[in-house]
Amino acid sequence: WITRGSAADSLVCYCLGISDVCPVRFDLYFRRFLNRERMNMNKLPDIDVDFPHDRKDDVVDLIFGKYGTEHAAVVGGFSTFRARSAFAEVAKVLGVSEHQVRRVTERIPFARAQDLEGATKRSIECGDLPLDEEPYATAMKLARFLDGFPRYPKMHPCGVVLSRAPMQDLVPCFTSEKGYATTHFDMDGVEDIGLVKIDILAQAGLAVMRDTKLALVDRGVAVDLGRLEPWEDQSVWDLVASGQTRAVHHIESPAMVSLCRMCDARDIDALIAVVSVIRPGAANQHKKQEFTRRHQGMEEVTYPHPSLASCLRCTYGLIVYEEQVLQVCEAFAGLPPGDADRLRRSLVKEDWDTVRSIGTAFHDCARRRGRTRDEIVDVWRFVCGFHGYAFCKAHSTAYGVEAYEAAWLKTSFPAEFMAAVLTHGKGFYHPLVYVLECARLGIALAPPCVNDPGPAFAVRDGRIRVPALRAKGLSDRTCDRLVSEREREPFASLREFIRRVGPSGDESEVLLRAGAFDSFASPLGAGRARRTDLFW
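Values in this document were obtained by computation on a predicted structure and should not be read as measured data.

## A closer look at the overall build of the protein
Each helix and strand counted, the protein has 26 helices and 12 strands in total. Its C-alpha atoms give the protein principal-axis dimensions of roughly 90 × 65 × 55 Å. Scored against the burial criterion, the 536 residues of the protein give a buried share of 49%. Considering only intrachain contacts with a sequence separation of at least 6, the fraction spanning at least 24 residues in the protein is 66%. Across the protein, the centroid of the 70 positively charged side chains sits 2 Å from that of the 73 negatively charged ones.

Structure below.
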């Protein structure tokens, strides 16, 4: 697992092994994770942990098994009516068919239900809809009254809460379809009453790294990724800087590949910055290009004020990480950490009303420090330029180190790594792209074999064996029988396979065409003739 988000700022988390990046080495900012003002608002720090995508439910089951439904629950809440859903429900009550409702709602902009009429009038796509005719006109008028009303209960995709007292004494719960106790309160509500929230998240990159290591263990090769520190393998940086990171989690998208090449990223700190610079908050107003030029030494590094050099030196005078908003506010204006953290969250959500209210306190604090009016205006404009979705440095650091480790596995053991990528099929690209990447790396794919059915892609004599279970058109029954019979003993012939597994004629033909029976062929080629035995 890895710890994402600001929990990696905590030295305690690092010492306990919850996080695997040292906050001292990477100069991480603890007050992004925990500050006194946040605690006064009952905002307990939460720890977000990424697990392999195929083990997430196991972790949730472990939590419920340990603490029980009396002390553990999934964070829930309610989906509420907005423009599309409110209009659809009212229109159906007024007799409009489901099909016709969908034809209309798919063109209605995403907006609040109370803004429905204005949003449709401003939308070009809604220009030819008969919204002035009945019953649509009545549906438009009535839909706004549903704005914000609960529509149906929902589950948070990853949040779990724990409580010392019985959960039912603190928050009403219902049982979800998965069988978990689920709170009626949403994530803000459960935090307000002081419950500890843990985010159990999932990603495929960790599953790929895990399976690569397990495949190497079968070969007698033990890999300790923790020993890669200080992350200075030149072959890995050649891979990253040349843009050959396809299949490497976090840095394989076209935008990330391009940015790694533009920056010529050849050290761990540059890679960590790149992971964050690509996000909208850090990249807006052409700051991505500005960062690239400064990193390459093609543009002078400047600071909005000399007091900001210490906190912005690592990013060449630009705000790249969320916590740098806190550091700038503290170093320049002496703004309390709680207010600075509220400003950061408001900039991320682009809540400009809150930003303006905090701006008054920022100006007052800065004046008390003796800053001039022009300096305050310049630094405030600089801070407000960092708005929209962004990463904190702790999050970028965890992902940057993981990306390096995955790139090292791809460089050192390409066949095992690509086999794991193909097995999980959760990457940025279509699986065919990863097949082409195997070809680029000189890794051949071996055809399926019923005696090596999978379900995982596996390395056999330097080639990646395609699992027989991946053949299109096989039923679940046939797949289950194939695996169970193969575990009992290998198949000796095509006739024996059909007798034991009992596939349909179409399924047998699919496997035949894929080459899954080629291992039964004789050295003289008699196997070709035996393919006519398929329907015996």
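Now, onward.
## A short note on the nonpolar core
Judged by nonpolar contacts, the single largest core of 63 residues is most densely connected at V240, I268 and L271. Looking at this core, the elements that each hand over two or more residues are helix 9 (204–218), helix 10 (234–241), helix 11 (254–263), helix 12 (268–277), helix 20 (393–412), helix 21 (414–424) and helix 22 (431–440). With nine residues, helix 20 is the single largest residue contributor to this core. Discounting chain neighbours no more than four positions away, the residues touching L271 are W237, V240, I251, C260, G400, A403 and Y404.

## Structural notes on unusual backbone geometry
Of note, the bond from E229 into P230 is cis; its omega dihedral lies within 30 degrees of zero at 15 degrees. Secondary-structure assignment places P230 in the loop between helix 9 and helix 10. Cis geometry marks the peptide bond from G454 to P455, where omega comes out at 15 degrees. Examined against the element boundaries, P455 turns out to sit in the loop between strand 10 (445–446) and strand 11 (458–460). Notably, H250 is not glycine yet its phi reads approximately 85 degrees, a positive angle. The topology assignment puts H250 in the loop between helix 10 and helix 11. Residue classification places H250 among the buried positions, given a relative accessible area of 16%. Of note in the backbone geometry, Y316 takes a positive phi value of approximately 60 degrees without being a glycine. Along the chain, Y316 turns up in the loop between helix 15 (309–312) and helix 16 (323–333).

## Concerning the sheet that holds strand 10
The sheet built from three strands is open, its strands ordered 10-12-11 with mixed pairing. If you trace the sheet from one side to the other, it starts and ends with strand 10 and strand 11, each paired once. Where strand 10 and strand 12 (residues 463–465) come together, two bridges link them in parallel fashion. When the sheet's bridge partners are listed, L445 is paired in strand 12 with I464. Across the face of the sheet, helix 21 comes into contact with strand 11 and strand 12 while running at roughly 25 degrees to strand 12.

## Remarks on the layout of surface pockets
In this structure, the largest pocket occupies an estimated 1,200 Å³ of space. What lines the largest pocket is a set of 37 residues, among which D46, D48, M187, K197 and D199 lie closest to the centre. Sorting the residues of the lining of the largest pocket by element identifies helix 8 (187–192), strand 9 (196–203) and helix 17 (337–349) as the ones contributing at least two each. The residue makeup of the lining of the largest pocket, split by class, is 14 nonpolar, seven polar and 16 charged.

## A word on the side chain of S163
Along the chain, S163 falls in the loop between strand 6 (159–162) and strand 7 (173–175). Look past the residues within four positions of S163 in its chain and what remains in contact with it is H71, L170 and L195.

## Side note on the packing of helix 17 against helix 18 (residues 352–368)
Pairs of packed helices are described in terms of their axes, by the angle between the two and the distance that separates them. Helix 18 packs onto helix 17 with a crossing angle of 150 degrees between their chain directions and a minimal axis gap of 8 Å. Judged by the angle between their axes, helix 17 and helix 18 are roughly antiparallel. Crossing geometry of helix 17 relative to helix 18 is assigned as left-handed. The residues of helix 18 that touch helix 17, namely those facing D339, R342, L343, S346 and L347, are W352, T354, V355 and I358. Split by residue class, the contact of helix 17 with helix 18 holds five nonpolar, two polar and two charged.

## A look at empty space enclosed by the protein
This structure, assessed with the given rule, holds one cavity of 30 Å³ or more. Taken as a whole, the largest cavity spans an internal volume of roughly 120 Å³. Lining the largest cavity we find 16 residues, and of these V208, A247, H249, E252 and G427 sit closest to its centre. Of all the secondary structure elements, the ones that give two or more residues to the lining of the largest cavity are helix 9 and helix 21. Broken down by element, the lining of the largest cavity gets its largest block of residues, four residues, from helix 9. Residue composition of the lining of the largest cavity, grouped by class: nine nonpolar, five polar and two charged.

The rules behind each value
- Residues numbered from 1 in each chain as written.
- Predicted model: local features only at pLDDT ≥ 70, side-chain atom pairs only at ≥ 80, totals over all residues.
- Heavy atoms only, no water.
- Helix = DSSP H or I, 4+ residues; strand = E, 2+ residues; numbered from the N terminus.
- Buried < 20%, exposed > 50% of the residue type's maximum accessible area, 1.4 Å probe, protein only.
- Contact = heavy atoms within 4.5 Å.
- Lys, Arg positive; Asp, Glu negative; His and termini not counted.
- Charge placed at Lys NZ, Arg CZ, Asp CG, Glu CD.
- Core = buried A, V, L, I, M, F, W, Y, C linked by side-chain atoms within 4.5 Å.
- Pairing = 2+ DSSP bridges.
- Axes fitted to C-alpha atoms, helices over the stretch in contact; angles between N-to-C directions.
- 1 Å grid on protein atoms, 1.4 Å probe; cavity = no way out; pocket = protein on both sides within 12 Å on 5 of 7 lines; lining within 4 Å.
- Points joined across faces, edges and corners; volume = space filled by probe spheres on them.
- Nonpolar A, V, L, I, M, F, W, Y, C, P; charged D, E, K, R; others polar.
- Parallel < 35°, antiparallel > 145°, perpendicular 65-115°, else oblique.
- Left-handed = near helix turned anticlockwise from the far one by under 90°.

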